[in-house]
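Residue-level structure breakdown
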Amino acid sequence: MIQALAFYLFAGVVIASAVMVIMSRNPVHSVLWLILAFFNAAGLMVLVGAEFIAMLLVIVYVGAVAVLFLFVVMMLDIDFAAMRAGFIKNFPLGIAIALVLLAELGLGIGAYGAGGVELGSADGAAAASATTSNIEAIGALLYGRYILLFEIAGIILLVAMIGAIVLTFQAPPPGSRAQQDIGKQISRRPEEATQMKNPEVGKGVEL
Amino acid sequence: MTAFFESLGLSYEWAWFIATIAGILLIALPVMVAVAYVIYVDRKVIGAVSLRRGPNVVGPFGLLQSFADGLKVFLQETIIPSAANKGIFLLAPIITFTVALAAWAVIPFSEGVVLADINVGLLYILAISSLGVYGVVMSGWASNSKYPFFSAMRAAAQMISYEVSIGFILVCVVLWAGTFNMTGIVEAQRGHGLGIVNGFFFNPLLFPMFVVFFISALAETARAPFDLTEAESELVAGYQTEYSSMAFALFWLGEYANILLMCSLCTILFMGGWLPPLDWAPLYYVPGIVWFLLKTFFFFLLFSWIWATVPRYRYDQLMRLGWKVFLPMSLGFVVVISGYLMATGHFTSAAPLVEPASVAPTEIVEASNTQPATARDM
């Protein structure tokens, strides 16, 4: 009873907020609806007993990715008139993408009706059972059977990260204020930074 | 508590539901009262450090000051700037407040005294605390004003930066405890230091992580010396500038609830939670919750002490500390600690941890929740 209520609540909110992502006129509102959709998707994950995935979804997508989205969208000053001007030009492309999505959706529903896919059982401790927790099952699978793929994915991400840094990093010119020497700042003492002067009335101070 | 409601003739599901609601109230209301008194303590400590008396007029020793402030704020007019984005403007303080309270669901106050004893407790804390940034960012943007917007940008960058190193510190603790379950983490600290003291605090490898965690907690809650989001000399009051009345109060309460949460996290992760500091039988006669509250209060005193004494960081110093000092350091310690644990055979010796006491087993996550932290030898 409660599970069914919770499922329909989460699923309904996911669908409604996904619709609102594309319907709302303000891009910041769109991102906020997207966050709501992520959050409720995490709720659905909890309902099927995949609490580890649910927490990761919230930590990674809601906590990091969506914050960056929001950050960027807030900084942009989006001109709606200019965006709508390209509507006719992009219309055929949009229709094509929509048709592909519709076909995929139809295929997906058809495949669902045809029954589950037989993937075979994974060797090792990967089988989901009541005696191993989510985290242990995923860990055993990732670090056991799929260790190579896992490490390759990690290396690809590392390369992408280094590439992004190399492409965007601009070293500040030497001597500019952007270059802070923290060690020098910390080792600075009052004796070398200040001078005690007692100027006479009407006379300046020679520094 | 579920059993009690079941005995009243309710079905298990509804008994569980009502018991959970009661549990939420039993945690949220004391947390709110604690926040009121912690604000009082904060003001008293800062008053003492700057040779003032602090609040001393309302009630004996000024003990009712926070409630008087709450009443005053409640009676004020709510002002919404005409250029503000109204919906988000009002939603932001609600999110801050809700998120600050939601994280308390997995905090074990004493043995078995926890609302949701879930397997992924620590991840839940991390997930919920990563939501806290939205209240700040949304309020800053919706205010449609320059200073709050600057503050929101600062807050977003600051919270994300320090969350990364907090995540790695939690990994270190989890490696040693062998579980993400909060109760399991506390139990793993029983007699940790040579069988005499309870707590990862006394572990030479984890002690540096404790220091980093404490400083990161200061940055995560935007407490001094990292309170750049509300640096009054630069940004008026930061993201709270345009807020008044209850909306402002919600920010205020949420902020202090978050600070208390970080203090209790320090307690649970490093100081042995509800366990007494020494693993010595007579100390166990003191109820666990007393130890827990004492330790949490101690950390809060440290927070206010630091607020009163340490000058504010510059923004580039803050970012440097987060990314260039704490992140490499915590990453290095993950490697060192996992290496040490592998070398000493920590993972193969199946020293069974004490099973976390199951309170109100939730039906929804039951299938995956029944597993205590015993099967570590996989």
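Residues numbered from 1 in each chain as written. Chains lettered and ligands numbered in written order. Predicted model: local features only at pLDDT ≥ 70, side-chain atom pairs only at ≥ 80, totals over all residues. Heavy atoms only, no water.

Let's talk about the overall build of chain B
- A tally of regular secondary structure across chain B gives 13 helices and 0 strands.
- Taken from N to C terminus, the helices and strands of chain B fall in the order α-α-α-α-α-α-α-α-α-α-α-α-α.
- Taken over the C-alpha trace, chain B has a radius of gyration of 22 Å; the compact-globule value for 378 residues is 21 Å, and the two agree within 12%.
- Considering only C-alpha atoms, chain B reaches an extent of 60 × 60 × 40 Å along its principal axes.
- A total of 378 residues make up chain B; the buried ones form 56% of that total.
- Carbon and sulfur atoms form 72% of the exposed surface of chain B, whose accessible area is close to 16,100 Å².
- Computed over 16 positive and 22 negative side-chain charges, the separation of the two mean positions in chain B equals 15 Å. (Helix = DSSP H or I, 4+ residues; strand = E, 2+ residues; numbered from the N terminus. Rg over C-alpha atoms; globule rule 2.2 N^0.38 Å. Buried < 20%, exposed > 50% of the residue type's maximum accessible area, 1.4 Å probe, protein only. Areas by Shrake-Rupley, 256 points an atom, 1.4 Å probe, with all protein chains shown as cover. Lys, Arg positive; Asp, Glu negative; His and termini not counted. Charge placed at Lys NZ, Arg CZ, Asp CG, Glu CD.)

Focus: the packing of aromatic side chains
Residue and element names in this part refer to chain B.
- Across all of its chains, the model carries 23 aromatic pairs over all chains by this definition.
- Between the aromatic rings of phenylalanine 109 and phenylalanine 292, the centroid separation amounts to 5.6 Å while the plane-to-plane angle is 75 degrees, which identifies the pairing as edge-to-face. Taken as a pair, phenylalanine 109 in the loop between helix 4 (86–102) and helix 5 (121–142) and phenylalanine 292 in helix 11 (residues 288–309) lie far apart in primary sequence, 183 residues in all. Comparing phenylalanine 109 with phenylalanine 292, the two get one shared label, buried.
- With 5.4 Å between their ring centres and 65 degrees between their planes, phenylalanine 210 and phenylalanine 270 make a pair best called edge-to-face. With phenylalanine 210 in helix 8 (residues 207–220) and phenylalanine 270 in helix 10 (residues 245–270), the pair connects residues that are 60 residues apart, well separated along the chain. Neither residue differs from the other here; phenylalanine 210 and phenylalanine 270 are each classed as buried.
- Counting every residue linked through ring pairs, the aromatic cluster contains Phe207, Phe210, Phe213, Phe214, Phe270, Phe298, Phe299 and Phe303. (Phe/Tyr/Trp six-rings, centres within 6.5 Å; stacked < 30°, edge-to-face > 60°.)

Details of empty space enclosed by the protein
Residue and element names in this part refer to chain B.
- Per the counting criterion, the structure on display carries 3 cavities of 30 Å³ or more.
- The computed volume of the largest cavity comes to approximately 220 Å³.
- Lining the largest cavity are 18 residues, with Gly132, Met159, Glu220, Thr221 and Asn258 positioned closest to its centre.
- If you list the elements that add at least two residues to the lining of the largest cavity, you get helix 4, helix 5 and helix 10.
- If one sorts the elements of the lining of the largest cavity by residue count, helix 10 sits on top with 6 residues. (1 Å grid on protein atoms, 1.4 Å probe; cavity = no way out; pocket = protein on both sides within 12 Å on 5 of 7 lines; lining within 4 Å. Points joined across faces, edges and corners; volume = space filled by probe spheres on them.)

Brief notes about the pattern of salt bridges
Residue and element names in this part refer to chain B.
- Within this structure, the stated rule accounts for 6 salt bridges over all chains.
- Close ionic contact of aspartate 69 with arginine 43 constitutes a salt bridge, the shortest N to O distance being 2.9 Å. On the criterion of sequence distance, the pair formed by aspartate 69 in helix 3 (residues 65–75) and arginine 43 in helix 2 (residues 12–49) is long-range, its members being 26 residues apart.
- In this structure aspartate 69 comes out as buried when scored by relative accessible area, which is 15%.
- Between aspartate 316 and arginine 314 there is a salt bridge whose closest N-O contact spans 2.7 Å.
- Arginine 314 sits in the partly exposed class, given a relative accessible area of 34%. (Salt bridge = Lys/Arg side-chain N within 4 Å of Asp/Glu carboxyl O.)

Describing unusual backbone geometry
Residues and elements named next belong to chain B.
- Backbone geometry places leucine 51, a non-glycine residue, at a positive phi of 55 degrees.
- Checked against the element boundaries, leucine 51 lands in the loop between helix 2 and helix 3.
- Residue classification places leucine 51 among the exposed positions, given a relative accessible area of 79%.
- Look at serine 245: it is not a glycine, yet its phi comes out positive at around 55 degrees.
- Along the chain, the position of serine 245 falls in helix 10.
- Judged by its relative accessible area of 3%, serine 245 is buried.

Let's talk about the confidence of the model for chain A
Residues and elements named next belong to chain A.
- On average, chain A scores 81 in pLDDT, and the residues at 70 or more come to 86%.
- When pLDDT is averaged over each element of chain A, helix 7 (residues 147–168) comes out on top at 92 and helix 4 (residues 80–85) at the bottom at 64.
- Contacts of residues 122–127 to residues separated by more than four positions or lying in other chains number 8 contacts, the stretch itself having pLDDT below 50. (pLDDT = per-residue confidence, 0-100. Contact = heavy atoms within 4.5 Å.)

Points about the interface of chain B and chain A
- Contact with chain B, which involves 39 residues of that partner, is made by 36 residues of chain A.
- Summed over both sides, the interface of chain B with chain A buries roughly 3,300 Å², with 74% coming from carbon and sulfur.
- The interface formed by chain B and chain A holds 0 salt bridges in total.
- Linking chain B to chain A there are 4 residue pairs in polar contact (both at pLDDT 80 or more).
- Taken together, the elements giving at least two residues each to the side of chain B that touches chain A come down to helix 2, helix 5, helix 6 (146–177), helix 12 (315–343) and helix 13 (366–369) of chain B.
- Considering every element that reaches the side of chain B that touches chain A, the biggest residue donor is helix 5 of chain B, with 11 residues.
- Partitioning the side of chain B that touches chain A into residue classes produces 26 nonpolar, 7 polar and 6 charged. (Buried area = accessible area lost by both parts, 1.4 Å probe. Polar contact = N/O pair within 3.5 Å; in protein donor to acceptor, adjacent residues only side chain to side chain. Nonpolar A, V, L, I, M, F, W, Y, C, P; charged D, E, K, R; others polar.)

Side note on the packing of helix 2 (residues 27–47) of chain A against helix 3 (residues 51–75) of chain A
Residue and element names in this part refer to chain A.
- Taken N-terminus to C-terminus, the directions of helix 2 and helix 3 make an angle of 175 degrees; their axes are 9 Å apart at the nearest point. If you check the angle between helix 2 and helix 3, you find them roughly antiparallel. Along the contact surface, helix 2 presents Pro27, Val28, Val31, Leu32, Leu34, Ile35, Phe38, Phe39, Ala41, Ala42, Met45 and Val46, while helix 3 presents Glu51, Ile53, Ala54, Leu57, Val58, Tyr61, Val62, Ala66, Phe69, Leu70, Val73 and Met74.
- Split into classes, the residues belonging to the contact of helix 2 with helix 3 amount to 23 nonpolar, no polar and 1 charged. (Axes fitted to C-alpha atoms, helices over the stretch in contact; angles between N-to-C directions. Parallel < 35°, antiparallel > 145°, perpendicular 65-115°, else oblique.)

Some thoughts on the packing of helix 3 of chain A against helix 5 of chain B
- Where helix 3 of chain A meets helix 5 of chain B, the axes come as close as 9 Å, and the angle between the chain directions of the two elements is 20 degrees. Judged by the inter-axis angle, helix 3 of chain A sits roughly parallel to helix 5 of chain B. Considering only the axes of helix 3 of chain A and helix 5 of chain B, their crossing is left-handed. When helix 3 of chain A is examined against helix 5 of chain B, the residues Phe52(A), Met55(A), Val58(A), Ile59(A), Val62(A), Gly63(A), Ala66(A), Val67(A), Leu70(A) and Met74(A) are found in contact with a partner set consisting of Leu123(B), Tyr124(B), Leu126(B), Ala127(B), Ser130(B), Leu131(B), Val133(B), Tyr134(B), Val137(B) and Trp141(B).
- Here the residues of the contact of helix 3 of chain A with helix 5 of chain B sort into 18 nonpolar, 2 polar and no charged. (Left-handed = near helix turned anticlockwise from the far one by under 90°.)

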